[in-house]
Each structure stands twice: as C-alpha cells, then as structure tokens.
Amino acid sequence: MTASLDHPIYQELLAHLLELRFATTEQLARLTREHYGSSRSARRQTMRHLSKLEQHGQLLRLERRIGGWQHGSTPSIWALTTTGHRQATGHSGTRQRPNLISTTFLEHLLAIAETRIIANETIQQIPGAELRVETEPACWRNYLGPHGERLTLRLDLLMSVTTTEYLDRYFIEVDRATENPARVIAKCRQYVRYRRSGAEQRSSGAFPAVLWIVPTAKRRTQLRAHLEAAELPQDMFTVLTLDELPEIIRDGPPLTKQN
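What you see is a predicted model, and the numbers here were worked out from it, not measured in a lab.

Student: Would you mind showing me how to read helix α3 (residues 39-55) here?
Tutor: Each turn of an α-helix holds 3.6 residues, which means side chains three or four residues apart point in the same direction. With 17 residues, α3 extends 24 Å between its outermost C-alpha atoms, agreeing within 8% with the 24 Å of an ideal straight helix rising 1.5 Å per residue. Considered for burial, the residues of α3 that qualify are S41, A42, T46, H49, L50, S51 and L53. On its buried face, α3 sits against α1 (8-20), α2 (25-31), β2 (59-63) and β3 (76-80). G57 lies just past α3 and shows a positive phi near 75 degrees.

What follows is the structure, given as structure tokens:
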C-alpha cells in the first residue's frame, strides 16, 4: 500500500470485502467493532477508512436502494476494484466489475454477508468457541452422480462451530423469498443426492445440518409446508429466520439421525 494506507485496518477491510464481495458500511463497522471504543465510533471511523480506500482507487461505492436494508434508506455498499483485489490478494489477473451485478443478486450477497456477521457476533459471546466460515466458491461440493456424472452442490455458506466439547457443521442456504418454492425443493433434492453419494461423510465423518435462512416468518411457514409435502427426509432440513440463527449456534442443530 501507499504510505498513507499502511495501517492494518485497511488490509483488514480489503480482506473482508474479498471474502464477502459486497458489504455495507454498517456491516463492515460491525466486523471491525473490536478496534473501537463504541459502535458509534466504529461506524464513523469505518466510513472514514472506506472513503480513503475509495480515494485511492481500491474500493468502489455503489449507491442503490436495497429493500429491507437500513429501514429503506440507501446504504453505501462497497466492493473491491481491480486495484483493491490486487492489493488484497497480492496478485493480478481478476478484473472486478461490481457495477454489472443485478440488484436482486446484490441483495442475496448482502444477506449472505449479514448471516456471516451475525454468526461472528454470536460466537464472540460463547467462551472458548471458534467459528470457521467458508464462502462460495470454496464451500461448493463436487461429487459423482448415480451414473458417474460430475455434479456440483453450490451452497451459500459452510459454517463450523467448535468448542472443547463439540463440533457443529452447517450447510447454509440464504433465501430471499424471491424464488418459487419449487426451486427450493429442487435444491433440497440435490442435497439429498449429495448425502447419498457419501462424499461428505467420507471426508468429514458426518453430514452437516442444512439450514434454510429466510427473511420473514411468513416465508418460513411457506417453505416448511412445502418441505413437509415433498417426498424428502423430514429431519434433514431446518427453516429459520435470521434472528433465530444465534440460538442454533449456541444450542446446536436439531438432533436427528443424520447429525
């Protein structure tokens, strides 16, 4: 970095955006909250740091109205530029074009980021617990289908919670209630096929709990009804709202024959 950007906080912000791809100022302030005396200070200082990175051509700010974020306001949404990506990774070759992403997909990525952040905030309240999160595409799973064809399960997040007493692992799908429930059921069937392949069990010893995180209680009720009506293992999937995620992290997944 240039001499004016040699503080570690700048590299930390770049690393978070490399992982998440997009995040709001508020989300990034929460991720770096430990460096500041208060949440208000974190927001103010984070905005200053992000603006400086923007001035140096390493970040791009997207001003879009995203439904459900910050009470309908237009939050500042940040992404790496090509220069920022090179600074975060140490190598070139990937051209960043964040302006080309659709608003619907952007909302989905911000919801994934929010899930990641809430998990991080929850784990900080559990003494001795550690959180490991893999984002896409690192969390995707390749496996062989019943006829030997190569398939890929493209999940949103893989999350592991470890303490001295237990290890809980979760495949996470973040639903924004924009998809027809039939597409959700189709994705669930892919999880069933992947479990039947035995690939995950051979590599890790057990199949993770599958969490569908939805935006509203209405959507939760809708998906639960469709899952119940489908010919699927009824104990394999858990549908919950985001505010229910901390309880799952603290208490563990619902105990079933699969986990």
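Student: Please explain the packing of α1 against α3 as it appears in this structure.
Tutor: In helix packing, the relevant descriptors are the interaxial angle and the interaxial distance, both defined with respect to the helix axes. As a packed pair, α1 and α3 sit with axes 11 Å apart at the nearest point and diverge in direction by 80 degrees. By the criterion of interaxial angle, the relationship of α1 to α3 is roughly perpendicular. Contacts between α1 and α3 involve I9, Y10, L13 and L14 from the first element and T46, H49, L50, K52 and L53 from the second. Looking at the contact of α1 with α3 residue by residue, the classes come out as six nonpolar, two polar and one charged.

Student: Whenever I open this one, the pattern of salt bridges confuses me. Can you help?
Tutor: It is possible for side chains of opposite charge to pair when their charged atoms get near one another. Enumeration over the complete set of coordinates arrives at twelve salt bridges. With its nearest N and O atoms 4.0 Å apart, the salt bridge here joins R43 to E26. On the criterion of sequence distance, the pair formed by R43 in helix α3 and E26 in helix α2 is long-range, its members being 17 residues apart. Taking relative accessible area as the criterion, R43 reaches 36% and is therefore assigned partly exposed. In this structure, E134 engages R132 in a salt bridge whose closest nitrogen and oxygen atoms are separated by 3.1 Å. Since its relative accessible area comes to 18%, E134 is described here as buried. Since its relative accessible area comes to 55%, R132 is described here as exposed. Within this structure, R30, E114 and E121 form a network of salt bridges that share partners.

Student: When you look at the layout of surface pockets in this model, what are you seeing that I'm missing?
Tutor: The gaps left among the atoms become clear once a water-sized probe is rolled over them. Each pocket or cavity is described by its volume, and for the largest pocket that value is around 490 Å³. Secondary structure elements with two or more residues in the lining of the largest pocket: α5 (103-123), β8 (167-174) and α6 (181-197). In terms of residue class, the lining of the largest pocket is made up of five nonpolar, three polar and ten charged.

Calculation notes
Residues numbered from 1 in each chain as written. Predicted model: local features only at pLDDT ≥ 70, side-chain atom pairs only at ≥ 80, totals over all residues. Heavy atoms only, no water. Helix = DSSP H or I, 4+ residues; strand = E, 2+ residues; numbered from the N terminus. Expected span 1.5 Å × (residues − 1). Buried < 20%, exposed > 50% of the residue type's maximum accessible area, 1.4 Å probe, protein only. Contact = heavy atoms within 4.5 Å. Axes fitted to C-alpha atoms, helices over the stretch in contact; angles between N-to-C directions. Parallel < 35°, antiparallel > 145°, perpendicular 65-115°, else oblique. Nonpolar A, V, L, I, M, F, W, Y, C, P; charged D, E, K, R; others polar. Salt bridge = Lys/Arg side-chain N within 4 Å of Asp/Glu carboxyl O. 1 Å grid on protein atoms, 1.4 Å probe; cavity = no way out; pocket = protein on both sides within 12 Å on 5 of 7 lines; lining within 4 Å. Points joined across faces, edges and corners; volume = space filled by probe spheres on them.

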